[in-house]
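# Notes for the structure review
Now for the letters of each chain:
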Amino acid sequence: MTATPAKEARSELFWTLIVLLTGGAAPIGLLLVSTAITMARQPADMMAMMMSIHAVMRGYMPFLILALLVLVIGLVKSYRAYPRLLNRALTGLWAGAVATIALDAIRYPFGVGLRALPGDMPTMFGKFILGSDQVNVGLLLVGYLYHFLNGADFGIVY
């Protein structure tokens, strides 16, 4: 027995919302939630601010990982059932990743290099997520992974 067109449309809408929420809102929300909570706490100095953001991110990370797993499930589900959804999601991820690379191509030489920006965002993301002020390869890897994930996820949202 085949599904009615209305039921099929509702199901596709459901999976579209799942992909949008898990692929876009969850990773972007990590930064927004941690920053909002930290600003409400009004930390006394930069180290207190970093530790406050880290505390929120540490609690949020399991939800982010779960959201990314659900995103993968949504993309696998859409492979056969909803090719339009898969096309839109992959196009959004691809466009967001390309836009992030373009942003970095301008941000590094003109923003970070000329000290026009307060800091290097991927490095700050690594510090916030790991709760360390010591810059090393692991911290940079985590920071850049989150930076590009966040940028790619903006593509899903748009």
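Up top is the structure.
A brief report on the enclosed structure follows. (Residues numbered from 1 in each chain as written. Predicted model: local features only at pLDDT ≥ 70, side-chain atom pairs only at ≥ 80, totals over all residues. Heavy atoms only, no water.)

### Digging into the overall build of the chain
Helix and strand content of the chain: five helices and zero strands. Sequence-ordered secondary structure for the chain, helices as α and strands as β, is α-α-α-α-α. The proportion of buried residues among the 158 residues of the chain is 36%. Across the chain, the fraction of contacts at a sequence separation of at least 24, relative to all contacts at a separation of at least 6, is 68%. With an accessible surface of roughly 9600 Å², the chain has 74% of that area assigned to carbon and sulfur atoms. Each charge class in the chain was averaged separately, 11 positive and 7 negative side chains, and the resulting centres sit 9 Å apart. (Helix = DSSP H or I, 4+ residues; strand = E, 2+ residues; numbered from the N terminus. Buried < 20%, exposed > 50% of the residue type's maximum accessible area, 1.4 Å probe, protein only. Contact = heavy atoms within 4.5 Å. Areas by Shrake-Rupley, 256 points an atom, 1.4 Å probe, with all protein chains shown as cover. Lys, Arg positive; Asp, Glu negative; His and termini not counted. Charge placed at Lys NZ, Arg CZ, Asp CG, Glu CD.)

### Considering helix α1 (residues 5-41)
The first and last C-alpha atoms of α1 sit 50 Å apart over 37 residues, in line with the 54 Å expected at 1.5 Å per residue. Taken as a whole, α1 carries its principal kink of about 40° at Ala25; the proline Pro27 stands between one and four residues after it. Gln42 sits one or two residues past α1 and shows a positive phi near 50°. (Expected span 1.5 Å × (residues − 1). Bend = angle between axes of the 7 residues up to and from the residue.)

### Details of the environment of Asp120
Looking at the secondary structure, you find Asp120 in the loop between α3 (83-112) and α4 (121-130). Here the alpha-carbon distance between Asp120 and Tyr108, two residues twelve residues apart in the chain, equals 8.0 Å.

### Comments concerning the packing of aromatic side chains
The relative placement of two aromatic rings is captured by the distance of their centres and the angle of their planes. Enumeration over the complete set of coordinates arrives at three aromatic pairs. Taken together, a centroid distance of 5.4 Å and an interplanar angle of 80° make the contact between Phe14 and Trp15 edge-to-face. Owing to a relative accessible area of 16%, Trp15 belongs among the buried residues under this scheme. A ring pair is formed by Phe125 and Tyr146, whose centres lie 5.0 Å apart and whose planes are at 80°; its orientation type is edge-to-face. Taken together, the residues span a long stretch of sequence, with Phe125 in helix α4 and Tyr146 in helix α5 (residues 137-157) at a distance of 21 residues. Pair check on accessibility: Phe125 and Tyr146 agree, each one buried. (Phe/Tyr/Trp six-rings, centres within 6.5 Å; stacked < 30°, edge-to-face > 60°.)

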